[in-house]
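In case you want the letters, here they are:
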Amino acid sequence: LGPGRTVAPSGPAVCGDCPAGRYFTAVGAPSCTPCPAGSFVAAVWASVCVPCPKGSYSTAVGAANSTTCTFCPAGKYSTVKGSQKCTPCLAGSSWSAVVGSSTSPCLPCPAGTYAVVSQEDELGTCTACPEFSSSLASSDDAADCECNPGYVDSENASSIENACVANET
């Protein structure tokens, strides 16, 4: 009985192959074990599953190929191989394709931007403050965007997007 082979569950001792997505845990094991989430194995006769690379994750159990490993989206990261989920950035910070990668921790949002927690408790990317306003670095709410000098809050503003207007007094 060799690596990645299992004993057939009934009848005489006959070796069988572990199918893709499954591996053997010990020589002569009575059955094959599915690869855990965060890993895959494409080959038959496997004795170990391959972890998803850093910067990706997989929730699939028994994955038979690497396409189940998904890269972390903007606003999330993974620093270890075999991740089952990506870690969200803290409020006021975000992953950025320009300055970071899905394998590095999140970076603070620069001045003039903010990042907030959404209704799904997921974090997005740094969002620019509305026109004529700015914020400090690491801002975590649109309300942190304050009107620039020479501009004031509009009394008729229906949303933060058009909250600052020229001060005409």
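Residues numbered from 1 in each chain as written. Predicted model: local features only at pLDDT ≥ 70, side-chain atom pairs only at ≥ 80, totals over all residues. Heavy atoms only, no water.

Visitor: What is the right way to read the environment of cysteine 18 from this model?
Guide: Relative to the helices and strands, cysteine 18 is located in the loop between strand E2 (15-17) and strand E3 (22-23). You can call cysteine 18 buried: its relative accessible area is 0%. For the pair formed by cysteine 18 and serine 31, sequence separation is 13 residues and the distance between their alpha carbons is 8.1 Å. (Helix = DSSP H or I, 4+ residues; strand = E, 2+ residues; numbered from the N terminus. Buried < 20%, exposed > 50% of the residue type's maximum accessible area, 1.4 Å probe, protein only.)

Visitor: Help me out: how do you make sense of a negative patch on the surface in this one?
Guide: On the surface, Asp140, Asp141, Asp144, Glu146 and Asp153 cluster together into a patch of negative charge. Looking at the secondary structure, you find aspartate 144 in the loop between strand E15 (133-134) and strand E16 (146-147). The exposure class assigned to aspartate 144 is partly exposed, which follows from its relative accessible area of 31%. (Patch = residues over 30% accessible without salt bridge, like charges linked within 9 Å, V, L, I, M, F, W, Y side chains within 5 Å. Areas by Shrake-Rupley, 256 points an atom, 1.4 Å probe, with all protein chains shown as cover. Salt bridge = Lys/Arg side-chain N within 4 Å of Asp/Glu carboxyl O. Lys, Arg positive; Asp, Glu negative; His and termini not counted. Charge placed at Lys NZ, Arg CZ, Asp CG, Glu CD.)

Visitor: Help me understand the packing of aromatic side chains, please; the structure alone is not making it clear to me.
Guide: Here the distance between the centres and the angle between the planes together describe a pair of aromatic rings. One pass over the structure, following the stated rule, counts 1 aromatic pair. Centre to centre, the rings of phenylalanine 132 and tyrosine 151 are 4.3 Å apart; their planes meet at 10 degrees, and the pair counts as stacked. Placement of phenylalanine 132 in the loop between strand E14 (127-128) and E15 and of tyrosine 151 in strand E17 (residues 151-153) is noted, with a sequence separation of 19 residues between them. Look at phenylalanine 132 and you get partly exposed, because its relative accessible area is 31%. Judged by relative accessible area, tyrosine 151 falls into the partly exposed class, the value being 27%. (Phe/Tyr/Trp six-rings, centres within 6.5 Å; stacked < 30°, edge-to-face > 60°.)

Visitor: Can you walk me through the state of the cysteines in this structure?
Guide: As used here, a disulfide is simply a covalent bond connecting the sulfur atoms of two cysteines. This structure, assessed with the given rule, holds 7 disulfides. Across the disulfide from cysteine 72 sits cysteine 86; the S-S distance is 2.1 Å. Residues cysteine 72 and cysteine 86 are joined through a disulfide that is left-handed, its torsion about the S-S bond being -85 degrees. In this pair, cysteine 72 is assigned in the loop between strand E8 (70-71) and strand E9 (76-77) and cysteine 86 in the loop between E9 and strand E10 (87-88), connecting sequence segments 14 residues apart. Paired by a disulfide, cysteine 129 and cysteine 145 hold their sulfur atoms 2.1 Å apart. Here cysteine 129 and cysteine 145 share a disulfide; its torsion about the S-S bond, -75 degrees, makes the bridge left-handed. Of this pair, cysteine 129 sits in the loop between E14 and E15 while cysteine 145 is found in the loop between E15 and E16, placing the two residues 16 residues apart along the sequence. (Disulfide = S-S within 2.5 Å.)

Visitor: What should I look at first to understand the side chain of serine 83 in this one?
Guide: Tracing the backbone through its elements, the reader meets serine 83 in the loop between E9 and E10. Those residues in contact with serine 83 that sit more than four places away from it in its chain are Gly38, Ser56, Tyr57, Ser58 and Ser78. (Contact = heavy atoms within 4.5 Å.)

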